[in-house]
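Observations on the three-dimensional arrangement
For reference, the chains in residue letters:
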Amino acid sequence: MTADQYAVTIKNVLSLYTEDAKDIEDCIISSVVPSVGASVSNAVSKLCEIVPLMIGPGVKTGLNIKIDNPAQLGADLVAGAVGALSKYTLPCIVIDMGTATTISVIDKNGSFLGGVIAAGVNLTLKALAENTAQLTSIHIEAPRSVIGSNTVDCMKSGLVYGTAAMLDGLLERIEDELSYPAAVVATGGLAKEIIPHCNHTIVYDENLLLEGLREIYYKNN
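This structure is a prediction, so every number in the text was calculated from the model and none was measured.

Some remarks on the overall build of the protein
The helix and strand tally for the protein stands at seven helices and eight strands. Counting only C-alpha atoms, the protein reaches 55 × 45 × 30 Å along its principal axes. Relative to all contacts within the protein whose residues are 6 or more apart in sequence, the contacts with residues 24 or more apart total 56%. For the protein, the accessible area works out to roughly 12,400 Å², and carbon and sulfur atoms hold 52% of it.

Encoded structure:
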């Protein structure tokens, strides 16, 4: 959308909660799509007459990033890691289940070591529906058993139990490499459908990235 369209959307949301745009004092934005981030930033500037803080190079996060090229770390992963650092014991593993399923690893010293990126559940479903003749889109939920007795339940099993098994397997391998157990927290819309079927104890935190953004904002103001 254009900046004006985003401004209208934001204004409508504020109106829904009886807030005035002029009462908004400041804003912080995390975006992994530069063109969208710029449009949203312009929209906020037009609507609220402020210049938002955009997560990127030069922004203080308090995160010790140890990947090969720290500048390549996505803003969403930064926000999630900072949120986890502020709320959970270390070491900590953060799972974010959105378009992609990402796993971020923070060691016992609070350093961001790296992680894992896999296709998200909805992305996998879309690939199945678009590239097979007889498989259609379904609602993502756990079937009654792993062994499906019809096409829809077979697909649900692969998506839900398959993703849960992948997470369990990756968590085991990550802890083996760390040589110690870690707290695990998950966020993202589909996490609450998947993590109840994992063998590991995983805390669901719906607002983890927003809380990380708040922490980063205060570090810069």
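Resuming the write-up.
Considering the nonpolar core
Judged by nonpolar contacts, the single largest core of 27 residues is most densely connected at Ile95 and Ile202. Examining the composition of this core, we find that eight residues originate from one element, helix α5 (residues 151-178), more than from any other. Not counting residues up to four positions away in its chain, the partners in contact with Ile95 are Thr101, Thr102, Ile103, Leu167, Leu171, Val184, Val185, Ala186, Thr187 and Ile202.

Details of unusual backbone geometry
In most cases, non-glycine residues show a negative phi, while peptide bonds are predominantly trans. The linkage connecting Leu90 with the following residue, Pro91, adopts the cis geometry, with an omega of -5°. Non-glycine residue Glu49 carries a positive phi angle of around 60°. One can find Glu49 in the loop between α2 (34-48) and β2 (53-54). You will see that Ser179, though not glycine, has its phi angle at about 75°, which is positive. Structurally, Ser179 is set in the loop between α5 and β7 (183-187).

Quick look at empty space enclosed by the protein
Going through the model one piece at a time under the given rule, you end up with one cavity of 30 Å³ or more. Considering only enclosed or pocket space, the largest cavity measures out at about 40 Å³ in volume. In terms of lining residues, the largest cavity is bounded by Asp76, Leu77, Gly80, Ala81, Val94, Asp96, Thr102, Ser104 and Leu209. At the level of secondary structure, the elements contributing two or more residues to the lining of the largest cavity comprise α3 (75-87), β4 (92-97) and β5 (100-106). In terms of residue count, the dominant contributor to the lining of the largest cavity is α3 (four residues). A class-by-class count of the residues in the lining of the largest cavity yields four nonpolar, three polar and two charged.

Section: helix α7 (residues 208-220)
Under the 1.5 Å per step criterion, the end-to-end length of α7 is 19 Å for 13 residues, consistent within 8% with the ideal 18 Å. For α7, the set of buried residues is Leu208, Glu211, Gly212, Leu213, Ile216 and Tyr217. Next to the buried residues of α7 lie β1 (28-29), β2, α3, β4 and β7.

Points about the environment of Ile93
With respect to the helices and strands, Ile93 occurs in strand β4. Taking the relative accessible area as the measure of exposure, Ile93 reaches 0% and is therefore buried. Residues Ile93 and Ala186, 93 residues apart in the sequence, show an inter-C-alpha distance of 8.4 Å. Beyond its immediate chain neighbours, meaning those up to four positions away, Ile93 contacts Ile103, Ser104, Leu171, Ile174, Glu175, Ala182, Ala183, Val184 and Val185.

Description of the pairing of β7
Among the five residues that make up β7, four are buried, leaving the element largely enclosed by the rest of the structure. Here β4 runs beside β7; their pairing, made up of five bridges, is parallel. Bridging from a neighbouring strand, Val94 pairs with Val185 of β7. Two strands pair when backbone bridges link them, and β7 and strand β8 (residues 203-204) are joined in this way by two bridges, in the parallel orientation. Bridge pairing in β8 places Val185 opposite Val203.

Reading guide: rules and limits
Residues numbered from 1 in each chain as written. Predicted model: local features only at pLDDT ≥ 70, side-chain atom pairs only at ≥ 80, totals over all residues. Heavy atoms only, no water. Helix = DSSP H or I, 4+ residues; strand = E, 2+ residues; numbered from the N terminus. Contact = heavy atoms within 4.5 Å. Areas by Shrake-Rupley, 256 points an atom, 1.4 Å probe, with all protein chains shown as cover. Core = buried A, V, L, I, M, F, W, Y, C linked by side-chain atoms within 4.5 Å. Buried < 20%, exposed > 50% of the residue type's maximum accessible area, 1.4 Å probe, protein only. 1 Å grid on protein atoms, 1.4 Å probe; cavity = no way out; pocket = protein on both sides within 12 Å on 5 of 7 lines; lining within 4 Å. Points joined across faces, edges and corners; volume = space filled by probe spheres on them. Nonpolar A, V, L, I, M, F, W, Y, C, P; charged D, E, K, R; others polar. Expected span 1.5 Å × (residues − 1). Pairing = 2+ DSSP bridges.

So, to be careful, I would describe these as geometric facts and stop short of saying anything about function.
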